[in-house]
Every structure is written in structure tokens, then in C-alpha cells.
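# Examining the three-dimensional arrangement
Here are the chains, one letter per residue:
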Amino acid sequence: MGCRSLLLLLLLLAFLTPAASSPVSPSLRAPSSLPWSTSFKSRPTITLKYSIRYIQQKVDHFGFNIDRTFKQRYLIADNYWKEDGGSILFYTGNEGDIIWFCNNTGFMWDIAEEMKAMLVFAEHRYYGESLPFGADSFSDSRHLNFLTTEQALADFAKLIKYLKRTIPGARNQPVIALGGSYGGMLAAWFRMKYPHLVVGALASSAPIWQFNDLVPCDTFMKIVTTDFGRSGPNCSESIRRSWDAISRLAKKGPGLRWLSEALHLCTPLTKWQDVQHLKDWISETWVNLAMVDYPYESNFLQPLPAWPVKVVCQYFKYYNVPDTLMLQNIFQALNVYYNYSGQAKCLNVSETATSSLGVLGWSYQACTEMVMPTCSDGVDDMFEPHSWNMKEYSDDCFKQWGVRPRPSWIPTMYGGKNISSHTNIIFSNGELDPWSGGGVTKDITDTLLAIVIPNGAHHLDLRASNALDPVSVQLTRALEVKYMKQWISDFYVRLRKMN
């Protein structure tokens, strides 16, 4: 799979010992239709035992005229940690509440005993409870000025040094950075910038090349379209034709009211600008579905059925239908994403994901460092044509935050595609994940490794082991453990030689 030898994986599978896994429910057959209220049967979960701790961090690690500090939250679980031959698995927190990420990173818990590992989950500054200026943290760009990847990595570095200094037995243990999505990018960059602190990194679904012109801006939407196209006949074509249907209905006399009622919107559409916002919301919904197209029921961004894109595509079997029927089909499809739990009374066009994600913080980061271009043409993808306009993007950022983005800074800071001098990083990407287009999907060197996961969605390999996991992700996790064990072994060999 990916760039790893299939033969190696088959040999590995032959002696693979199943890791401890969370209990799972029996496979559920996807229904042929979903009523407005559908009973959501959540997968049983195990209780994760960890302690919540805090460390005082400098607001500014790189200046010398600001003495202000803040409390960074982190979680520690040492149930299986061993001082003799153990390790520290360090999750580089991303744009949200760290407890939420901890609960959705079951892979680390599954392998903790095998790796004799202490688990550490570090919360990213400006997210969750780790707010440098408390309630004023998002008040203006002056307070947000310290929300950067560089400052976040420095927080992680200081935390690791603090843990090694204060926890008996931890000083001479290897640390491995792990993360998914933006957290995966941070894990890779952490290994690049602080190789003396971490012996390696697992960067899952980490689009470190989704910047400037390192990859074409239309790659992302093409992958989303491919996911829907393979999940049902005429599915992507129906969605491609739906945008004009929405516009035609909106232009009719009572069209805005009809659309509002047909889609059960919480806030009625009142003007033409609302229609574009509606389309953007629907587009983001299809993107999110592609990201979390997991093979079992899940509750990551929203409560969802197994293979949710296939369930959604049941409503898009026919594209040559009247506009009113097309909108009814859109509602049924949206209902899969927004009301699989059966709790929603209406659909809120202001929300597309869990509140555990830090929308404000990420909006600012996207307007400064994390400028990740996407575009569509409506021909090779199922979305309305939308070009990447940097000036328009910059003006929107200035209007919202009073800042101008620096689209070239991340490639300048972390090397772009010129990273062959680094070592011991695994880049894993699911082929269903639209962010894989900006990820590393081919080996760069013998120690900068790429794994592509067939039938894998967004950082599926970091989720807890599940009876419904495809073989591809089982093999991926086994290979990741193999490499991490090698990094740990190499660390202890070097340590013995030094002593």
C-alpha cells in the first residue's frame, strides 16, 4: 500500500498480534432511506484514564519584553508506562479542545501497553482552556499576535523538557510526536525543528504541501468529487447539477421561502446573498463527509452512519429530475450529516462541525500563516466554479481581523518540498481524504516514509481499532508501530553507547 512494499506488509501481517481495541457494536446495515428522526446507536466506549495538568508557558517565547505567562493544559496517562525501556508518545494538539482530540485518538491508547508508553496530549495555545489572554484572547489582532505555529511548537518543546525534568524516570526516555490533520503537520514540523527532543514523528493526514503552488489548488475538490463518484451512480453529477437548481428556485417569486422550508433551515433565507452562503454551507458539508467517511458509525464532527458518503449518495441516484425533487433529495442527504442522531429540529447553516473545534482561532490562523489555497472549476469536480483569488482572500482577512496573510511563510519556515535533510517521519494519508492531495504520498528518503491507505478517510489510522476497520488500516498501524519501535530501539542503543 502506498509507497511501502506490499510484500513487506503481507509478511508483517503474518506475525501481527492484534492490539488492544475498544469494544465495538455489530455491523449496522445502512438504511435505504432516513426519516427526519433516526435512532443513533453509538459505539460503546471505554473509559480513558488520564490526569489533567497545567504548565505555565510564556506568551511570547521569542521576545524579551513580554513577561506574561498563561496556563497550558495537557493530559497524561501512565497506566502502561515503564521506566525500563519505555517511551513517551506526545500528541501535538491542534485546533480544538484537547480532551476531544484525546478521545478521538484511540490508536495511542491501543498501543500504549505494547510501547510501554506514557501518553501526553498537549493542548494548542488559544484553544480549549489554553487561552493566553483569557476571555480577551480573541478580542483583536494584538491579542492574537502570538497564535502561530512557531509559538505552539515552542510550547511543546518546553513541556517535554519540563516533563523530563520533573517526572522520575522520564529523563532518558525517547519521545515520539504524533498528530492528525493540523496536528499531524505540527508533529512533522516539530521533528524538523526540534530533532533533539523527539526521535521521530507520525504525521497522519498532514497536508504540509497545501501551500502556495506546491500542489494545484483544485486537487482538494477533485478528491472530494472522486469519493462521491465512487460511492454511488450519478452521485457527483447530481450534486454538480444541484447548484443551478438551487439558483433557479431562489429566483422564483416565493423561492427563498420555499427553499428555507424545504431544507428545514433554522434561519430563513431573506436575500440573494443568503443563497450563496447556503451553497457554501452545503459544499462544506460534502467536504466534511468525504473527510470522515469512516467504515463504522462515528461521532467525530457529527454523529454519522458507517460509510456516510454511500448513505448520502442513495439520494443522488438520478440527476435528471425536477428542481423541487432535487432539493428534497439534498435535504435528505443533509439530514444524514446533521440529524443522524434524530435530535435536530432544524438545520443551522452557521454550523458544520462539533463545537469542540476552535473556529475563531483557526479563522485567524488561516488569515496569517495557514493559507491553504483551494479552487474548483465545476467540470473536473462537482462544485461551482471558484477561482483562488489571493487579493480577495487578503481583503476578507483584513476586514475580519485587521491582518494580511503571508502565504509564503510556512514553506519558508518549514522547507516546502525541500525536506530531505530530515529523518524519522511517517506521513500517512487515506486515499479518501481530500487533504491527502496536499500530503506526502511518496517516500522522500529511507526515513521520510509515505503510507497511502486504500479506503482510508481523514487520519483513520489514529482512531481506535475497530472490528470494521479495512485491512489496509490494520496493516498501516502495524507498520507504524514497527517503525516507532525501531526509533525507540535506536535511541536506547545510542544511549548505551554514550554511557
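Structure shown above.
A quick note: this is a predicted structure, and the numbers were derived from the prediction, not measured.

### Focus: the overall build of the chain
- Each helix and strand in the chain was counted, giving 16 helices and 10 strands.
- When burial is assessed residue by residue, the chain has 57% of its 499 residues classed as buried.
- Within the chain, residue pairs in contact and separated by at least 24 positions form 73% of the contacts whose partners lie at least 6 positions apart.
- Counting only carbon and sulfur atoms, one obtains 52% of the accessible surface of the chain, whose full area is about 21,600 Å².

### A short note on the pairing of strand S5 (residues 175–180)
- With 6 of its 6 residues buried, S5 lies for the most part within the structure.
- Direction of pairing for strand S3 (residues 87–92) relative to S5: parallel, over a ladder of 4 bridges. Bridge pairing in S5 places Phe90 opposite Ala177.
- On the question of chirality, the crossover connecting S5 to the parallel strand S6 (residues 200–204) by way of helix H6 (residues 182–193) is right-handed.

### Topic: the pattern of salt bridges
- Counted by the stated rule, this structure contains 15 salt bridges.
- In this structure, the salt-bridge partner of Arg125 is Asp155, at a minimum N-O distance of 2.7 Å. Placement of the pair is Arg125 in the loop between strand S4 (117–122) and helix H4 (141–144) and Asp155 in helix H5 (residues 149–166), with a sequence separation of 30 residues. Asp155 shares its class with Arg125; the two are buried.
- Put simply, Lys279 and Glu384 hold a salt bridge, and the shortest N to O gap is 3.0 Å.

### Quick notes on unusual backbone geometry
- Phi at Ser205 is positive, roughly 50°, even though this residue is not glycine.
- Relative to the assigned elements, Ser205 resides in the loop between S6 and helix H7 (219–230).
- The phi torsion at Asn424 lies on the positive side, around 55°, for a residue other than glycine.

### A few points about the side chain of Asn329
- Its place among the elements puts Asn329 in helix H12 (residues 323–338).
- If sequence neighbours within four positions are ignored, Asn329 has contacts with Tyr315 and Phe316.

### A short note on the sheet that holds strand S1 (residues 51–58)
- Taken in spatial order, the 8 strands line up as S1-S2-S4-S3-S5-S6-S9-S10 in an open sheet, and their pairing is mixed. Pairing within the sheet leaves two strands with one partner each, and these edge strands are S1 and strand S10 (448–453). With direction set aside, neighbouring strand axes in the sheet form an average angle of 20°.
- As defined by bridge partners, strand S2 (residues 69–77) adjoins S4 across 4 bridges and the pair is classed as antiparallel.

### Some remarks on the packing of aromatic side chains
- Inspection of the entire model under this criterion finds 22 aromatic pairs.
- Ring centres of Trp100 and Phe300 lie 4.8 Å apart, and the angle between their planes is 0°; on these two criteria the pair is classed as stacked. One end of the pair, Trp100, is in helix H2 (residues 98–103); the other, Phe300, is in the loop between strand S7 (298–299) and strand S8 (303–304), and 200 residues separate them in sequence. This pair shows no difference in class: Trp100 is buried, exactly as Phe300 is.
- With a centroid separation of 5.0 Å and 20° between ring planes, the pair formed by Trp281 and Tyr338 is classed as stacked. Of this pair, Trp281 sits in helix H10 (residues 272–291) while Tyr338 sits in helix H12; the two residues are 57 residues apart in sequence, bridging distant segments of the chain. Like Tyr338, Trp281 is buried.
- Joined through ring pairs, the aromatic side chains of Tyr91, Trp100, Phe101, Trp109, Phe121 and Phe300 make up one cluster.
- Above the face of the Tyr294 ring, Arg463 is positioned so that its terminal group lies 4.5 Å from the ring centre.
- The aromatic ring of Tyr483 is capped on one face by Lys482, whose charged end is 4.9 Å from the ring centroid.

### What about the nonpolar core?
- With 139 residues, the main nonpolar core has Trp189, Phe190, Phe228 and Trp286 as its most contacted residues.
- Considering every element that reaches this core, the biggest residue donor is helix H16 (residues 471–498), with 10 residues.
- Counting residues in each nonpolar core, the second largest holds 13 residues, with Tyr126, Phe146, Cys367 and Trp401 among its members.

### Quick word on the side chain of Ser394
- Within the secondary structure, Ser394 sits in helix H14 (residues 390–401).
- Classification of Ser394 by relative accessible area gives buried; the value is 11%.
- Residue contacts for Ser394: discarding those within four places in its chain leaves Val403, Arg404 and Pro405.

### Observations concerning the pairing of S3
- Counting buried residues along S3, 6 of its 6 residues qualify, which places the element largely inside the surrounding structure.
- Residues of S3 alternate between two faces, with Ser87, Leu89 and Tyr91 on one and Ile88, Phe90 and Thr92 on the opposite face, all of them buried.
- Bridging between S3 and S4 involves 6 bridges; their strand directions are parallel. Residue pairing across strands places Thr92 opposite Ala122, the latter belonging to S4.

### Comments concerning empty space enclosed by the protein
- Evaluation of the coordinates by the stated rule reveals 4 cavities of 30 Å³ or more.
- Of the pockets and cavities examined, the second largest cavity occupies roughly 60 Å³.
- Lining of the second largest cavity is provided by Tyr91, Asn94, Phe101, Asn104, Thr105, Gly180, Phe300, His459 and Leu462.

### Observations concerning the environment of Leu159
- Relative to the elements of secondary structure, Leu159 occurs in helix H5.
- Counting along the chain gives 104 residues from Leu159 to Ile55, while the straight-line C-alpha distance between them is 7.3 Å.
- Aside from chain neighbours lying at most four places away, what touches Leu159 is Ile55, Gln57, Gln72, Tyr74, Phe90, Val120 and Ala122.

### Notes on the packing of helix H8 (residues 235–251) against helix H9 (residues 255–262)
- At a closest axis distance of 6 Å, the pairing of H8 and H9 adopts a crossing angle of 125°. Between H8 and H9, the angle falls in the class oblique. Across from Ile246, Leu249 and Ala250 in H8, the residues of H9 making contact are Gly255, Leu256, Trp258 and Leu259.
- Considering only residue class, the contact of H8 with H9 consists of 6 nonpolar, 1 polar and no charged.

Rules of the game
- Residues numbered from 1 in each chain as written.
- Predicted model: local features only at pLDDT ≥ 70, side-chain atom pairs only at ≥ 80, totals over all residues.
- Heavy atoms only, no water.
- Helix = DSSP H or I, 4+ residues; strand = E, 2+ residues; numbered from the N terminus.
- Buried < 20%, exposed > 50% of the residue type's maximum accessible area, 1.4 Å probe, protein only.
- Contact = heavy atoms within 4.5 Å.
- Areas by Shrake-Rupley, 256 points an atom, 1.4 Å probe, with all protein chains shown as cover.
- Pairing = 2+ DSSP bridges.
- Right-handed = clockwise from strand over helix to strand, strands pointing away.
- Salt bridge = Lys/Arg side-chain N within 4 Å of Asp/Glu carboxyl O.
- Axes fitted to C-alpha atoms, helices over the stretch in contact; angles between N-to-C directions.
- Phe/Tyr/Trp six-rings, centres within 6.5 Å; stacked < 30°, edge-to-face > 60°.
- Lys NZ or Arg CZ within 6 Å of the ring centre and 35° of its normal.
- Core = buried A, V, L, I, M, F, W, Y, C linked by side-chain atoms within 4.5 Å.
- 1 Å grid on protein atoms, 1.4 Å probe; cavity = no way out; pocket = protein on both sides within 12 Å on 5 of 7 lines; lining within 4 Å.
- Points joined across faces, edges and corners; volume = space filled by probe spheres on them.
- Parallel < 35°, antiparallel > 145°, perpendicular 65-115°, else oblique.
- Nonpolar A, V, L, I, M, F, W, Y, C, P; charged D, E, K, R; others polar.

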